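Examining the three-dimensional arrangement
Chain by chain, the residues run as shown.
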Amino acid sequence: RMASPALLLRVVASAYSVAEKAATIVRNVMAAGDLGIVDKTGDNDLQTKADRLVQMSICASLAQKFPKVTIIGEEELSTDEVTEELIEDGHCEEILKKTCPAQYAGIKEEELVIWVDPLDGTKEYTEGLLDHVTVLIGIAYEGKAIAGVINQPYYNYEAGAGAVLGRTIWGVLGIGAFGFQLTEAPAGKHIIVTTRSHSSTLVNDCISALNPDSVIRVGGAGNKIIQLIEGKASAYVFASPGCKKWDTCAPEAILHAVGGKITDIHGNSFQYNKEVKHMNSAGVLATLRNYDYYASRIPNTVKQSLVP
């Protein structure tokens, strides 16, 4: 009899199916037309019915299968009203067939922390910029992002009738990342991707100092990492607090699985153990290649303004 797949692979395989279910919920809420928008803090920090239902679905589905794993989601929600139709029990067979890297083969449930952003790019979702939206499920071990799933519910939505809508990207350190075509940004071009809705003088000063050929402003951290791994941008620069651990965990695992790098503006790695503070208060710097080029050009004035 074959030994059963390592826990990590089972968690990722389930997260894959759970993320596909999440995408269906996201599309259904939008199609039904009532987004149920709430402003959580009065600071344009929006939450929709999709954020709420998706988080309940992801957290309840994974908790049912892996009861000892710590799951931390963006939204403050009670789990009492989880209905049966929100539970996803499936898994992706293809992931279970992979060989688990030796250093992760003995992981136990209680050693994993899962960081969930049910709908990354909520503001863009409410504005109809649907390709910016992602569902993020990041998996951490010993404080480090080691696996991740990113679903884009509306991938291909402008391709017209008959196009397959949505896609799921997944990755594990030591295995690689799948579900997209890895592409490097044009050589010698400095294309910066940054925030669309959280701009500030500091954010813009930092970008100007890098003397970019062009700047792409899009919503969602998941979406920005996708720009890097698909070669549309050469660096993701965000010189501001605002990004949280559930924004960066899944994207970090996928970026690192293909040899990229993400840190705060000072070059510090992010920590993902369950006790860690949720805010990435010293911003984000990420690249698929040439990290040192960008890191060396971040102005000291910017670094001094952002305390880790």
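Identification of the chain as 3'(2'),5'-bisphosphate nucleotidase 1 from Stercorarius parasiticus is taken from an unreviewed UniProt entry. Quoted verbatim from the Sequence similarities (unreviewed entry) field of the UniProt record, the comment on the chain reads "Belongs to the inositol monophosphatase superfamily." The UniProt entry for the chain carries the following comment under Cofactor (unreviewed entry): "Mg(2+)".

With 9 of its 9 residues buried, helix α6 (residues 221–229) lies for the most part within the structure. One or two steps after α6, the chain reaches Gly 231, where phi turns positive at roughly 75 degrees.

Before going further, it helps to spend a moment on the sheet that holds strand β9 (residues 191–195). If you trace the 5 strands from one edge of the open sheet to the other, you get β10-β9-β11-β13-β12, paired in mixed fashion. Both outer strands of the open sheet, β10 (214–218) and β12 (261–263), are each paired with one neighbouring strand and no more. Recorded for the sheet is a direction-independent mean angle of 20 degrees between the axes of neighbouring strands. Docked against the sheet, α6 engages β9, β10, β11 (235–238), β12 and β13 (284–287), running at close to 150 degrees with respect to β11. Most of the contacts of helix α7 (residues 245–257) go to β12, to which it runs at about 145 degrees, and overall it touches β12 and β13.

Attention now moves to the domain arrangement of the chain. By convention, interface size is frequently given as the accessible area that disappears when the constituent parts associate. According to the domain assignment, the chain consists of domain 1 (7–178) and domain 2 (191–305). Here the C-alpha centroids of domain 1 and domain 2 sit 21 Å apart. Facing the 39 residues of domain 1 at the interface are 29 residues of domain 2. In total, about 2500 Å² of surface goes out of reach between domain 1 and domain 2, with carbon and sulfur atoms giving 66% of it. Counting across the interface, domain 1 meets domain 2 through 3 salt bridges. In this assembly, domain 1 and domain 2 are joined by 8 residue pairs in polar contact (both at pLDDT 80 or more). The element contributing the most residues to the side of domain 1 that touches domain 2 is strand β6 (residues 144–152), with 8 residues. Counted by class, the side of domain 1 that touches domain 2 contains 19 nonpolar, 11 polar and 9 charged residues.

Our focus in this paragraph is the packing of α6 against α7. α7 packs onto α6 with a crossing angle of 15 degrees between their chain directions and a minimal axis gap of 9 Å. Judged by the inter-axis angle, α6 sits roughly parallel to α7. Like other packed secondary-structure pairs, α6 and α7 cross with a definite hand, here right-handed. Facing α6, whose interface residues are Ala 221, Gly 222, Ile 225, Leu 228 and Ile 229, α7 presents Asp 247, Pro 251, Ile 254 and Leu 255.

Moving on to the packing of aromatic side chains. Enumeration according to the criterion identifies 6 aromatic pairs in this entry. Ring plane angle 70 degrees and centroid distance 6.4 Å describe the contact between Trp 115 and Tyr 272, whose orientation is recorded as edge-to-face. Of the two residues, Trp 115 sits in strand β4 (residues 112–120) while Tyr 272 sits in the loop between β12 and β13, which places them 157 residues apart along the sequence. For the residue pair Trp 115 and Tyr 272, the accessibility class agrees, reading buried in each case. Consider the rings of Trp 170 and Phe 178, whose centres lie 4.6 Å apart with planes at 25 degrees: the pair is stacked.

Taking 1.5 Å of rise per residue, the 13 residues of α7 would be expected to cover 18 Å, and the 18 Å separating its terminal C-alpha atoms lies within 8% of that figure. The principal kink in α7, of about 25 degrees, is found at Pro 251. For α7, the buried fraction is high: 12 of the 13 residues fall into the buried class. All of the buried residues along α7 are Lys 245, Trp 246, Asp 247, Thr 248, Cys 249, Ala 250, Pro 251, Glu 252, Ala 253, Ile 254, Leu 255 and Ala 257. Phi turns positive, to about 90 degrees, at Gly 259, one or two residues after α7.

Here is what the cut-offs are and how they apply
Residues numbered from 1 in each chain as written. Predicted model: local features only at pLDDT ≥ 70, side-chain atom pairs only at ≥ 80, totals over all residues. Heavy atoms only, no water. UniProt positions renumbered as here; feature names shortened; annotations may be inferred. Buried < 20%, exposed > 50% of the residue type's maximum accessible area, 1.4 Å probe, protein only. Helix = DSSP H or I, 4+ residues; strand = E, 2+ residues; numbered from the N terminus. Pairing = 2+ DSSP bridges. Axes fitted to C-alpha atoms, helices over the stretch in contact; angles between N-to-C directions. Contact = heavy atoms within 4.5 Å. Domains from an automatic or database assignment. Buried area = accessible area lost by both parts, 1.4 Å probe. Salt bridge = Lys/Arg side-chain N within 4 Å of Asp/Glu carboxyl O. Polar contact = N/O pair within 3.5 Å; in protein donor to acceptor, adjacent residues only side chain to side chain. Nonpolar A, V, L, I, M, F, W, Y, C, P; charged D, E, K, R; others polar. Parallel < 35°, antiparallel > 145°, perpendicular 65-115°, else oblique. Left-handed = near helix turned anticlockwise from the far one by under 90°. Phe/Tyr/Trp six-rings, centres within 6.5 Å; stacked < 30°, edge-to-face > 60°. Expected span 1.5 Å × (residues − 1). Bend = angle between axes of the 7 residues up to and from the residue.

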